[in-house]
Amino acid sequence: MTEFKYQYYGLNIIQEVSAERFHLIISQYIERGWELSGEYNELGAGLSHWSCRLRKGTSTLNCEWHEATQGNFIGPQRIVFGLGQEFGFTANKVPQLLDS
C-alpha cells in the first residue's frame with residue numbers, strides 16, 4: 001500500500017537524516033523563503049515524534065522526526081531529488097527498511 005501511495009502521488013523520500021543536519025536543512029529552506037507549518041520542534045523539547053511541512057508556491061516538503069529512525073524528508077521527486085543532490089543523500093521512490 002505504501003509503494004502505491006508513493007507511486008500514485010509521485011513522492012520520494014530521504015531517510016535517516018541526523019538531528020543536526022535535519023535541523024540545518026529545515027533552517028536553510030526557511031531562509032530561502034519556504035513557509036513552515038506544523039509542529040516544528042527542536043529536539044530539546046523531549047518529543048520522540050513530530051512533523052512539519054515546508055511550502056513554497058505549490059511545492060510541499062514533509063519533514064518527519066522519529067526518535068528511533070531520525071529525520072525523513074518526503075515530497076515530490078524533483079524537490080526531494082534536489083535536496084539529496086545538494087546535501088549528499090539518496091532519494092528513494094519508496095521507504096526503505098531500516099536497520100534496527
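The rules we used
Residues numbered from 1 in each chain as written. Predicted model: local features only at pLDDT ≥ 70, side-chain atom pairs only at ≥ 80, totals over all residues. Heavy atoms only, no water. Helix = DSSP H or I, 4+ residues; strand = E, 2+ residues; numbered from the N terminus. Polar contact = N/O pair within 3.5 Å; in protein donor to acceptor, adjacent residues only side chain to side chain. Buried < 20%, exposed > 50% of the residue type's maximum accessible area, 1.4 Å probe, protein only. Phe/Tyr/Trp six-rings, centres within 6.5 Å; stacked < 30°, edge-to-face > 60°. Lys NZ or Arg CZ within 6 Å of the ring centre and 35° of its normal.

Q: I'm lost on the side chain of Gln-15 in this one. Help?
A: Checked against the element boundaries, Gln-15 lands in strand β1 (residues 11-17). Engagement of the side chain of Gln-15 in a polar contact is seen with the backbone nitrogen of Gln-96, the distance being 2.7 Å.

Q: Quick question: what am I supposed to make of unusual backbone geometry here?
A: Trans is the common state for peptide bonds, and a negative phi is the common state for residues other than glycine. In the Ramachandran plot, Glu-16 falls in the positive-phi region, its phi being about 60° despite a non-glycine side chain. With respect to the secondary-structure elements, Glu-16 resides in strand β1. For Glu-16, a relative accessible area of 45% corresponds to the partly exposed category. The phi torsion at Gln-70 lies on the positive side, around 70°, for a residue other than glycine. In this structure, Gln-70 sits in strand β5 (residues 70-76). Take Gln-70: its relative accessible area is 33%, and that puts it in the partly exposed class.

Q: Explanation requested: the packing of aromatic side chains in the structure shown.
A: The geometry of an aromatic ring pair is captured by two quantities: the separation of the ring centres and the angle between the planes. In total, this model carries six aromatic pairs according to the counting rule given. For the ring pair Phe-22 and Trp-50, a centre distance of 5.9 Å and an interplane angle of 55° mean the geometry is tilted. Of this pair, Phe-22 sits in helix α2 (residues 19-31) while Trp-50 is found in strand β3 (residues 49-56), placing the two residues 28 residues apart along the sequence. For the pair formed by Phe-22 and Trp-50, the shared burial category is buried. Feature note: the residues Phe-22, Trp-50, Trp-65 and Phe-73 constitute an aromatic cluster, connected by ring pairs. Cation over ring: Arg-32 sits above Tyr-29, and NZ or CZ is 5.4 Å from the ring centre.

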